[in-house]
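# Observations on the model geometry
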Amino acid sequence: MPPNLTGYYRFVSQENMDNYLRALDINVVLRKLVCLLKPDKEIIHTGDHMVIRTITSLRDYVMDFDVGVQFEEDLGPVDGRKCQTTVSWEGDQLVCEQLGEKRNRGWRHWLEGDQLHLRMTAEDEVCVQVFQKVK
């Protein structure tokens, strides 16, 4: 049975965000701005339905989906693209595949104790973020 990810998580660290954003063709000014942000995550996990909010001082991004059901994701706030997205469980990891213009695009969330880990990929770049559960 997969873990319940419900909770509020504060940003702890990130690695390789600039190169990840470059792989998504994000312009240099926006890349520098995004690299300065320290996003929080709020996850509401009820059965197979999930809402993941990424909260920043610049803009929030909300992903509302049913696990295992493909949907069109509007990534306009991120990079202006739309993807066919499917989120599923692989063991204890929540895995997202985003099919569209960019090869190897997606992410994984998993827990290690009270820390939420996020591994994002695009093309050959990988960005890792860590968040601490606060409630």
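The paragraphs below set out a description of the structure included in this document. (Residues numbered from 1 in each chain as written. Predicted model: local features only at pLDDT ≥ 70, side-chain atom pairs only at ≥ 80, totals over all residues. Heavy atoms only, no water.)

## Things to note about the pattern of salt bridges
Scanning the model with the defined rule gives 13 salt bridges in all. Between aspartate 18 and arginine 22 there is a salt bridge, with the nearest N and O atoms lying 3.0 Å from each other. You can see aspartate 18 and its partner arginine 22 sitting in helix α1 (residues 17-23), four residues apart, about one turn around the helix. The class for aspartate 18 is buried, based on a relative accessible area of 17%. Notably, a salt bridge pairs glutamate 123 with arginine 103, separated by 3.4 Å at the nearest N-O pair. (Salt bridge = Lys/Arg side-chain N within 4 Å of Asp/Glu carboxyl O. Helix = DSSP H or I, 4+ residues; strand = E, 2+ residues; numbered from the N terminus. Buried < 20%, exposed > 50% of the residue type's maximum accessible area, 1.4 Å probe, protein only.)

## A few points about the pairing of strand β2 (residues 40-46)
Judged from the three bridges that link them, strand β1 (residues 7-15) and β2 form a sheet pairing that is antiparallel. By the bridge assignment, tyrosine 9 is partnered in β2 with lysine 41. Bridge count for β2 against strand β3 (residues 49-55) is seven bridges, and the pairing is antiparallel. Counterpart to isoleucine 44 in the pairing with β3 is valine 51. Between β2 and β3, which pair antiparallel in sequence order, lie two residues; one of them, glycine 47, sits at a positive phi of approximately 60°. (Pairing = 2+ DSSP bridges.)

## Structural notes on the nonpolar core
In terms of nonpolar packing, the biggest core is built from 30 residues, with Tyr20, Met63, Phe65, Leu94 and Trp107 touching the most fellow members. Apart from the residues within four sequence positions on either side, methionine 63 is in contact with Met50, Val51, Ile52, Phe71, Glu73, Thr85, Val87, Cys96 and Trp107. (Core = buried A, V, L, I, M, F, W, Y, C linked by side-chain atoms within 4.5 Å. Contact = heavy atoms within 4.5 Å.)

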